[in-house]
Each structure stands twice: as structure tokens, then as C-alpha cells.
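If you want the building blocks of each chain, they are given just below.
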Amino acid sequence: MNKATLKENRVHGEPVYPVSTYRFSCGPEEPLMDLHWHDELEFLLLVEGAAAFRVDTADFELRAGEAMFVNSGELHSGRVLGDEPVTFLAVVFGADLFGDVREKVYDRYIFPLVQRNYVVPTKISLETTAERAIVALLRELFDANESGAPMRELTTKGLLHLCLSKLLALGGENRRAETTDGRIERLKTVIEYVEARCEETIALRDLAALAGMSEAYFCRFFKKITAKTPVEYVNSVRIQRAAELLRRTDRKIMAIALEVGFSNLNHFNGEFKRRFGCTPSDYRRRAAAG
DNA sequence: CCAGGGAATTGTGGACCGTG
DNA sequence: CACGGTCCACAATTCCCTGG
């Protein structure tokens, strides 16, 4: 997973088979999942450790064995809880896996889900039989994909149908169907703006104006959703980008600092150390060695 | 109850200096 | 040239409040 990209534009799977699975592990001090979103749907199964996730405005914790569902377009991020390493498996799939509006399965079940006319739980714990069944299906799905089992595409598609069927059974009609929170959409605009122009000077007032909020209110709302302040967020995007340049190029540290939007080497070094626990040149040395 | 504003408080980041 | 330390204006963030 490319952690520097917030709106994931890469295609998950191939157009003819829009599914991809991946396994991700990290240590207790490492970032688990930076804030991002994608149009695809996603199931995530935590196999080791404990983690806290935020999906749009909701916070919850997952322990090993529990899973979560992320709907199309939902902003999500996660961090490690405790001092155990964390491993999760994820399957990301396009809604078009289930056909299009001409098909009953899509029209009746998938479309309302993606449109939020029908809401389902995000966290899938192990409390009920139905939830345990979903988790078992996910395990089967990941086993098939990780072992490269024969006919795994067919198996995966079938299992995803079953997972969604059981998930939908846990949900219900959305009473406030048309009242989806427009603030989240405006926040995404801000995030895209930062992604596109993080090398420029970015002032809080510009971001607040983009979101159509006062600076003070924007700060509060931004932190509520992303768990970071706007400035922390901008810096994290810049540092991620700088880390990539350090790994991939041999440009001077100062040049990279300038390129990703830091006008002051001092400040760049400080932010870098905060994120990676080492100086930029240490980081480059380690990357070259490892 | 919640969105939002103004004021008070906090802390970032730009400048400059010293060291290896 | 990389990097750390210090200082401080003022931008960012939080606090506290009002009106819907």
C-alpha cells in the first residue's frame, strides 16, 4: 500500500477482476494506516495485535480476530494500540464486481449500500454468530488468496457475496438518507488540495476557506476526522514525500526539503525526526543498506 | 444538542549561531 | 553541508461562549 497517497487512485486488481488482497504488518511504534479513502469497498481482518481505527467520524478498536468493513469513499486511518506488533489482511474490491445497475443484485443490494441508503456496521466483532460467520468467510478468502489456491478468483467472488449478504443482514435502512454529512466531502477537497500542492506554502486560512469553515471550527473538525491538526497533517504528507525522495534519489537534503515544501532545513530535520526517529541522512543510509 | 465565532493560549517555523 | 540549539513573532489551536 502506498502510504503517501491519500486518495488511492491506483486500480485494485484489474478492471476485469477488480479485487486485490494484501497483508500488512508493522511494529508498535510504526504508523499503521495513514488517512486515505478510495471508491472501492474493503474488508479488513486483524490477525495480530490491537489497533484503533477511525472511519469517517467513528472511532473503534479492533483486537486480533476482529474485522471491519469500509464502505466506498469513507475516510479511514488506523494506529497501533499497545506495544504488540500488528498484522492485518485486507481485501479491496470495486462495487462493479457485482455487476451494474441493470442487474438485480447490484441494483437491490450494492447500490443502496454504496449510496448510504442502507447502513451496515463498520466493526465486525466476534460477539454474534452472524459476525463470527463473516470473519470465518474472510479467513477462508485470505487463505485461498495467500496460498494461491486454484480457482481463487471464483472462490473470492463467491465469498465476498456471502460476506456482503451477511453484513447487509446486520444493517438497516438509513433513516436520514439524504443527510449525508457534506462536511466530510468538503474535507476531502481539502485533503486533495494538500496532496496536490503540499510543496507550496499552505496557510490554515486557505484550507478553512476551501472547506467553507472558520479557521477555528475547521481545526476542530479536521482533528475530529483525521486525529491530526491541519498542520500536523500537511507536515506528515510532506515528510512521507521527502522520505520517498531520500530513498529514490541522491539529491541533497536541503534540495529535498525545499521540494516538499519546507523552507527551513532546521524545521525539516525536526519534523523528519519526529516521524521516523532519525535524521534524513540516517534514513537514507539505512534505506541504502537495507 | 450542535454548528460556529471571538478571545485566550499554545506552539510552529523562520532566523541566526555553533559544531563536526 | 548536515544538524542541533535558542529565541520569539505571530499563526494555529483550543477554550468558552452564543444562537439556532
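Look above for the structure.
This text gives an overview of the structure that appears in the document. (Residues numbered from 1 in each chain as written. Chains lettered and ligands numbered in written order. Predicted model: local features only at pLDDT ≥ 70, side-chain atom pairs only at ≥ 80, totals over all residues. Heavy atoms only, no water.)

Digging into the sheet that holds strand E8 (residues 86-93)
Item 1. The strand order across the open sheet built from five strands is E1-E8-E3-E6-E10, with neighbouring strands paired in antiparallel fashion. At either end of the open sheet lies a strand with only one pairing partner, and these are strand E1 (19-26) and strand E10 (123-124).
Item 2. Summarising the sheet, E1 and E8 pair through eight bridges and their orientation is antiparallel. Pairing of serine 20 across the sheet is with valine 92, part of E8.
Item 3. Against the sheet, helix H3 (residues 152-169) contacts E1, strand E3 (41-48), strand E6 (67-70), E8 and E10, and its axis sits at roughly 95° relative to E3. (Pairing = 2+ DSSP bridges. Helix = DSSP H or I, 4+ residues; strand = E, 2+ residues; numbered from the N terminus. Contact = heavy atoms within 4.5 Å. Axes fitted to C-alpha atoms, helices over the stretch in contact; angles between N-to-C directions.)

Considerations on the protein's contact with DNA strand B
Item 1. DNA strand B sits among Arg183, Ser214, Ala216, Tyr217, Arg220, Val231, Asn235, Ser263, Asn264, Asn266, His267 and Glu271.
Item 2. With respect to DNA strand B, the side chain of serine 214 contributes an N or O atom lying 2.9 Å from a phosphate oxygen.
Item 3. Within the contact set of DNA strand B, a base oxygen lies 2.9 Å away from a side-chain nitrogen or oxygen of arginine 220.
Item 4. At the level of secondary structure, the elements contributing two or more residues to the surface near DNA strand B comprise helix H6 (215-226), helix H7 (230-248) and helix H9 (265-276). (Near = heavy atom within 4 Å. Polar contact = N/O pair within 3.5 Å; in protein donor to acceptor, adjacent residues only side chain to side chain.)

Description of the packing of aromatic side chains
Item 1. Scanning the model with the defined rule gives 15 aromatic pairs in all.
Item 2. Measuring from centroid to centroid gives 6.1 Å for tyrosine 22 and phenylalanine 88, while their planes differ by 70°, and the two rings are edge-to-face. Taken together, the residues tyrosine 22 in strand E1 and phenylalanine 88 in strand E8 connect sequence positions 66 residues apart.
Item 3. According to the relative accessible area criterion, tyrosine 22 is buried, its value standing at 15%.
Item 4. One aromatic cluster in this structure is built from Phe262, Phe268, Phe272, Phe276 and Tyr283.
Item 5. Sitting over the face of the ring of phenylalanine 262, arginine 238 holds its NZ or CZ atom 5.7 Å from the ring centroid. (Phe/Tyr/Trp six-rings, centres within 6.5 Å; stacked < 30°, edge-to-face > 60°. Buried < 20%, exposed > 50% of the residue type's maximum accessible area, 1.4 Å probe, protein only. Lys NZ or Arg CZ within 6 Å of the ring centre and 35° of its normal.)

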